[in-house]
Amino acid sequence: MRKKNMNKINLSGSWRATCLDIEKNDFKINKGSEYPINIPGDLHSALIKESIIPDPYYAKNELDILFISRGEWSIEREFNYKNDGRKAFLKLEKLDTICTLYINNVSVESFDNEHQIYYVDITKHLKNGINKILFIFHSSEKEAIERSKNLPYPIPCSLYPNGSPNRNLVRKTQCNAGWDWGPCIMTLGLYEPPVIFLTQEVLFKDFSVTLRKDEKEWFLDYEVYLFGLKKGKGEINVTLLGEEKTIKYKREKGDFTYSFTLSVPLESVKLWWPNGMGKQPLYETKVKVENIEKKRKIGFRTLKVKNEITYGGKELTVSINGVDVFLKGSNWIPLDALVSRMTKERYSNIIKDMTAANMNAIRVWGGGWYEKEEFYDACDKYGILIWHDLMFACSTYPALSWFLNSVEKELRDQIRRLKSRTSIALWCGNNEDLGALGWYEETIKNKERYLKDYEKLNNGTVERVVKEEDKTRIFWPSSPCAGPGDYSDNWHNDKNGDMHFWSVWHEGKDFDFYHSVKPRFCSEFGYQSFPSPYTVSTFCPKDEYSLLSPSMLHHQKNDRGNEIIITEFERLFKEPKKFEDGLYLSQVQQALAIETAVTYWRSLMPYCMGTLIWQLNDVWPVSSWSSIEYSGRWKPLHYAIKHFYAPLCPLLYKIDDKVYIKAINDTLSNKKVSITVTISDTSGNIIARREYREELLSKSVKEIETFTIERKDAFVFVSLDKEERFLLFGKPNESKIKKSGLSIKSIEEDKDSLVVTLSSPAPTFFALIDTPHLNTHFSDNYFGLLPGEEKKIRVKSKEKGLPLEKIKEDLVLWDSSKILC
Ligand code: BMA
């Protein structure tokens, strides 16, 4: 029941979904079938909850439920309302996607862009007492197909296994249509609380605040986005650093923005820094208009993205508070294929997992969506800088006015929503759309036409709107590209801007091929692995435990994925006999590939100023390039990242027959470190050991030593304070690796975790500790061990209430000698 003088009615909660039209199916879903659905939420999750359809992530279930989104559905509820003379505006955000709103059976408005934020005046449709709100959702897939028939010429896009066609014609999360790591689940639903705002004079939609600075003060530029019901005068209350101010403003009729600036002395706030460079203090500011109050948290920092000519090419350097930051990060895809499964806790955990692995940056990739507030909250809180693509990827897009207009409103809505975010470093036009002009028959034949359309959308609309809406950030035209104003093909250009380097994965080149380029900034490079045994157990029936079983194949969406992984087994190691060995080995290969790339590219700092690994996360359990599995489990790669992104660490790489040992310090102060270089043969006979005391200057890379490889059955092991890395001189399968004898020396219980001590009589390479049937986290993993040395690893459960005894029983050890000996 609504209390008197309430300013809003939140319609979250229990709604009803009704099937209006559906293909014949095995799940007894018929025209008229009705199910409860929680809003905010998606239809698929509601049907899973009611046990109407099976979980699409298990086995090949995805294929059985494709029909759901080809149907027509309504979602409705009743609510109480009493007219007190105020106007009623319904706010709809993350409305997915093609639908019409009905109030009390009268059609009010239709929508077709998931990324827009709508305020609908529903006053005249409401009555005293019980009202009905209903949305009819049409199939996005069918709408896209219909639209494709009415185009003046084809607008091609990339399609993935059992993908939904023409995804590029509907403004909906592009990867819902399937991707080379994602299922095709064309979700529908409402993903933010639908709220009715009641107001007399003005509708307070939102506000933003951005920063400027001089020698004495920070200036906070506020923009308050309002819709005036009538002209007049009004008041805005602002609170900043605990102080409240009242600002008088002139109210206009219709949409208008009221801007004002507040200032605070520099010394009254502390600076916000990216992870690893300092703290992330956030200060709350509140704006209140006509009893509606909104809050934002801001961090005080200066931001500059530099694209100057340095070292003979155009750099891409992010500078925070005047300090150049090497971006150590990864690429982000949506948290889940089903929106109802995205929880605040999961967002926060995964961003914390980034900081635990010494990362400071993430790229919100253009095939996903403008994220939920929880994502940006976590990035601001933990110091993760965001490279923000706008939501266009791997496709051509229409340059027709209906499409451009829709995009224009989407961008204004999203940039106003997001531009106050401390962590957002830049806006980028799209993912690989310029490159995509070379991918399709139509675009190759008629490049000029499609290039013109590309420019109309990307420059004429996207760039223009971004620049109008946000004066504090640069617009990076596309990823990859050379920089603002440069539209040359930058695909494999390591001299300028950002590059995507896929030759090792997609073209099957050797890992050493990562040394063939010197990127200024590499915003995508990746290597796939199978999921861990634990994650496999969550989707694969037991009788399908083999790498090429139907369920395993179904959970591999990159058509050549398995072939590439398995070829690499032979090339570097040996084909594993057991299923689980294949899973582990694929994860080891992945870590090795990415470590090879990053180690070298970090050693090029400041020529290279960023590496963003493809990809951080998964939307479902799948074979993919991710470093963290859908289950939240860290792959060996994520443990490796923690070491090779460490602020102070050794960098080991070999080019031809030369081994290079360098040390990096990307902290803000000079550091004195101890370095030990041990060269040994793979039987464990020490060939040489050298000790160094070095001073590493802040933000620099220092050469420690370089030597020529004389035999392939040897390796170097380097420790720099607590960081340890090893490098085999030959490929693992030509290094004469011996049985390691790695074993557990002791296990002790310590509060909520186990402390496991490991050692081995022979050198151990690529060692893993795991619990294949449980979800556990290890303080360290994916390591090498010298004979006689000890490694202590803390093991913790990710599942609540899992007894330590059970974890102990489940522990397994693995290293490359299992495969090679
Ligand atoms: C990149 C991305 C994605 C894709 C990945 C792996 O180029 O932009 O489109 O998932 O490659 O193929």
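Described in the following lines is the structure provided in the data block. Bear in mind the structure is a predicted one, so any value in this text is a computation, not a measurement.

Points about the overall build of the protein
So, point 1. Secondary structure assignment for the protein yields 16 helices and 49 strands.
So, point 2. For 821 residues, the compact-globule formula gives about 28 Å, and the C-alpha radius of gyration of the protein, at 28 Å, lands near that figure.
So, point 3. With the principal axes as the frame, the protein shows a C-alpha extent of 90 × 70 × 65 Å.
So, point 4. Relative to its 821 residues, the protein shows a buried fraction of 64%.
So, point 5. At a minimum sequence separation of 6, the contacts of the protein that also span at least 24 residues come to 70%.
So, point 6. Carbon and sulfur atoms make up 49% of the accessible area of the protein, which totals about 31200 Å².

Brief notes about the sheet that holds strand 20 (residues 254–265)
So, point 1. The strand order across the open sheet built from 3 strands is 16-17-20, with neighbouring strands paired in antiparallel fashion. Where the open sheet ends on each side, the last strands, each with one partner, are strand 16 (202–213) and strand 20. Across this sheet, the average inter-strand angle for adjacent strands is 20°, counted without regard to direction.
So, point 2. Here strand 17 (residues 217–228) runs beside strand 20; their pairing, made up of 12 bridges, is antiparallel. Following the sheet pairing, Phe227 is matched in strand 20 by Asp255.

So, helix 13 (residues 579–603)
So, point 1. With 25 residues, helix 13 ought to run about 36 Å at 1.5 Å a step, and its terminal C-alpha atoms sit 37 Å apart, in line with that.
So, point 2. Among the 25 residues of helix 13, 24 are classified as buried, and the element is accordingly described as predominantly covered.

Focus on the packing of helix 13 against helix 14 (residues 636–644)
So, point 1. Relative orientation of the contacting elements helix 13 and helix 14 amounts to 20°, with a least axis distance of 8 Å. With respect to each other, helix 13 and helix 14 are oriented roughly parallel. Crossing hand, helix 13 versus helix 14: right-handed. Residue-level contacts link Gln587, Gln590, Ala591, Ile594, Glu595, Val598, Thr599 and Arg602 of helix 13 to Pro636, Leu637, Ala640 and Phe644 of helix 14.
So, point 2. Classifying every residue of the contact of helix 13 with helix 14 gives 7 nonpolar, 3 polar and 2 charged.

Observations regarding the site of the ligand
So, point 1. In the neighbourhood of the ligand, the contacting residues comprise Trp179, Asp180, Trp181, Trp365, Cys394, Asn431, Glu432, Trp502, His506, Glu524, Trp614 and Trp625.
So, point 2. A distance of 3.0 Å is found between an oxygen atom of the ligand and a side-chain nitrogen or oxygen belonging to Trp179.
So, point 3. Glu432 is positioned such that a nitrogen or oxygen atom in its side chain is 2.4 Å from an oxygen atom of the ligand.
So, point 4. Against a free-state accessible area of 300 Å², the protein chains account for coverage of 95% of the ligand.
So, point 5. Across the shell around the ligand, the residue classes break down as 7 nonpolar, 2 polar and 3 charged.

Things to note about the packing of helix 4 (residues 344–356) against helix 5 (residues 373–382)
So, point 1. Between helix 4 and helix 5, the shortest axis-to-axis distance is 9 Å and the interhelical angle comes to 35°. Taken as a pair, helix 4 and helix 5 cross one another with a handedness that is right-handed. Only Glu374, Phe375, Ala378, Cys379 and Tyr382 of helix 5 make contact with helix 4, whose side of the interface consists of Lys344, Tyr347, Ser348, Ile351, Lys352 and Thr355.
So, point 2. Per-class residue counts for the contact of helix 4 with helix 5 are 6 nonpolar, 2 polar and 3 charged.

Digging into helix 9 (residues 447–469)
So, point 1. The end-to-end C-alpha separation of helix 9 is 31 Å, in line with the 33 Å expected for 23 residues at 1.5 Å each.
So, point 2. For helix 9, the secondary structure elements touched by its buried residues are helix 6 (401–418), strand 31 (424–428), helix 7 (433–436), helix 8 (441–445) and strand 32 (475–476).

Considerations on the pairing of strand 5 (residues 72–81)
So, point 1. Of all 10 residues in strand 5, 7 are buried; the element is thus mostly enclosed.
So, point 2. As judged from the 5 bridges shared by strand 2 (residues 13–21) and strand 5, these two strands associate in the antiparallel manner. Across the sheet, Ala17 pairs through a bridge with Ile75, a residue of strand 5.
So, point 3. One ladder, built from 9 bridges, connects strand 5 with strand 11 (residues 129–137); its direction is antiparallel.

Examining the packing of aromatic side chains
Two aromatic rings are characterised by how far apart their centres lie and by the angle between their planes.
So, point 1. Within this structure, the stated rule accounts for 57 aromatic pairs.
So, point 2. With 5.3 Å between their ring centres and 55° between their planes, Phe726 and Phe765 make a pair best called tilted. In this pair, Phe726 is assigned in strand 42 (residues 723–728) and Phe765 in strand 45 (residues 764–770), connecting sequence segments 39 residues apart.
So, point 3. With relative accessibility at 17%, the residue Phe726 sits in the buried group.
So, point 4. With relative accessibility at 2%, the residue Phe765 sits in the buried group.
So, point 5. Here the basic side chain of Lys294 rests over the ring of Phe204, its NZ or CZ set 5.5 Å away from the ring centre.

Regarding the environment of Leu612
So, point 1. On the secondary structure map, Leu612 appears in strand 35 (residues 610–613).
So, point 2. For Leu612, a relative accessible area of 1% puts it in the buried group.
So, point 3. Residues Leu612 and Trp332, spaced 280 residues apart in sequence, show a C-alpha to C-alpha distance of 9.7 Å.

Some remarks on a negative patch on the surface
So, point 1. Residues Asp510, Asp512, Asp656 and Asp657 make up a contiguous surface patch of negative charge.
So, point 2. Here Asp656 lies in the loop between strand 36 (648–655) and strand 37 (658–665).
So, point 3. By relative accessible area, which is 72% here, Asp656 ends up exposed.

Description of the sheet that holds strand 9 (residues 106–111)
Think of a sheet as strands paired side by side through backbone hydrogen bonds, with each pair either parallel or antiparallel.
So, point 1. If you walk across this open sheet you meet the 6 strands as 3-2-5-11-8-9, and the pairing is antiparallel. A single partner strand is all that each edge strand has here, and the edge strands are strand 3 (34–39) and strand 9. The average angle at which neighbouring strand axes cross in this sheet is 30°, direction not considered.
So, point 2. Pairing analysis gives 5 bridges linking strand 8 (residues 99–103) to strand 11, with the strands arranged antiparallel. Along strand 11, the bridge assignment pairs Leu101 with Phe135.

Quick look at the pattern of salt bridges
So, point 1. All told, the structure shown has 61 salt bridges when counted by the stated rule.
So, point 2. Between Arg16 and Glu78 there is a salt bridge, with the nearest N and O atoms lying 3.0 Å from each other. Here the residue Arg16 occupies a position in strand 2, and Glu78 occupies one in strand 5, the gap between them amounting to 62 residues.
So, point 3. Its salt-bridge partner being Arg633, residue Asp770 comes within 1.9 Å of it at the nearest N-O pair. One end of the pair, Asp770, is in strand 45; the other, Arg633, is in the loop between strand 35 and helix 14, with 137 residues separating them in the sequence. Of the two residues, Asp770 and Arg633, both sit in the buried class.

Looking at the environment of Ser523
So, point 1. Residue position: Ser523 is located in strand 34 (residues 522–524).
So, point 2. Ser523 gets classed as buried once you look at its relative accessible area, which sits at 0%.
So, point 3. Residues in contact with Ser523, not counting those within four places in the same chain, are Asn331, Arg363, Ser479, Asp498, Met499, His500 and Leu612.

So, the side chain of Gln590
So, point 1. Structurally, the position occupied by Gln590 is in helix 13.
So, point 2. The buried category is assigned to Gln590, whose relative accessible area is 0%.
So, point 3. For Gln590, the contacting residues outside a window of four places in its chain are Tyr527, Gln528, Ser529, Ser624, Trp625, Ser626, Lys635 and Leu637.

Observations regarding the nonpolar core
So, point 1. Among the nonpolar cores identified, the biggest contains 186 residues, and Ile29, Phe135 and Trp601 are the most heavily contacted of them.
So, point 2. Here the element with the most residues in this core is helix 13; it accounts for 13 residues.
So, point 3. In contact with Ile29, not counting residues within four places along its chain, are Cys19, Ile22, Tyr35, Leu47, Ile52, Ile53, Phe67, Ile68 and Trp73.
So, point 4. Judged by nonpolar contacts, the second largest core, of 33 residues, contains Leu229, Tyr283, Val287 and Ile298.

Conventions and cut-offs
- Residues numbered from 1 in each chain as written.
- Predicted model: local features only at pLDDT ≥ 70, side-chain atom pairs only at ≥ 80, totals over all residues.
- Heavy atoms only, no water.
- Helix = DSSP H or I, 4+ residues; strand = E, 2+ residues; numbered from the N terminus.
- Rg over C-alpha atoms; globule rule 2.2 N^0.38 Å.
- Buried < 20%, exposed > 50% of the residue type's maximum accessible area, 1.4 Å probe, protein only.
- Contact = heavy atoms within 4.5 Å.
- Areas by Shrake-Rupley, 256 points an atom, 1.4 Å probe, with all protein chains shown as cover.
- Pairing = 2+ DSSP bridges.
- Axes fitted to C-alpha atoms, helices over the stretch in contact; angles between N-to-C directions.
- Expected span 1.5 Å × (residues − 1).
- Parallel < 35°, antiparallel > 145°, perpendicular 65-115°, else oblique.
- Left-handed = near helix turned anticlockwise from the far one by under 90°.
- Nonpolar A, V, L, I, M, F, W, Y, C, P; charged D, E, K, R; others polar.
- Near = heavy atom within 4 Å.
- Polar contact = N/O pair within 3.5 Å; in protein donor to acceptor, adjacent residues only side chain to side chain.
- Phe/Tyr/Trp six-rings, centres within 6.5 Å; stacked < 30°, edge-to-face > 60°.
- Lys NZ or Arg CZ within 6 Å of the ring centre and 35° of its normal.
- Patch = residues over 30% accessible without salt bridge, like charges linked within 9 Å, V, L, I, M, F, W, Y side chains within 5 Å.
- Salt bridge = Lys/Arg side-chain N within 4 Å of Asp/Glu carboxyl O.
- Lys, Arg positive; Asp, Glu negative; His and termini not counted.
- Charge placed at Lys NZ, Arg CZ, Asp CG, Glu CD.
- Core = buried A, V, L, I, M, F, W, Y, C linked by side-chain atoms within 4.5 Å.

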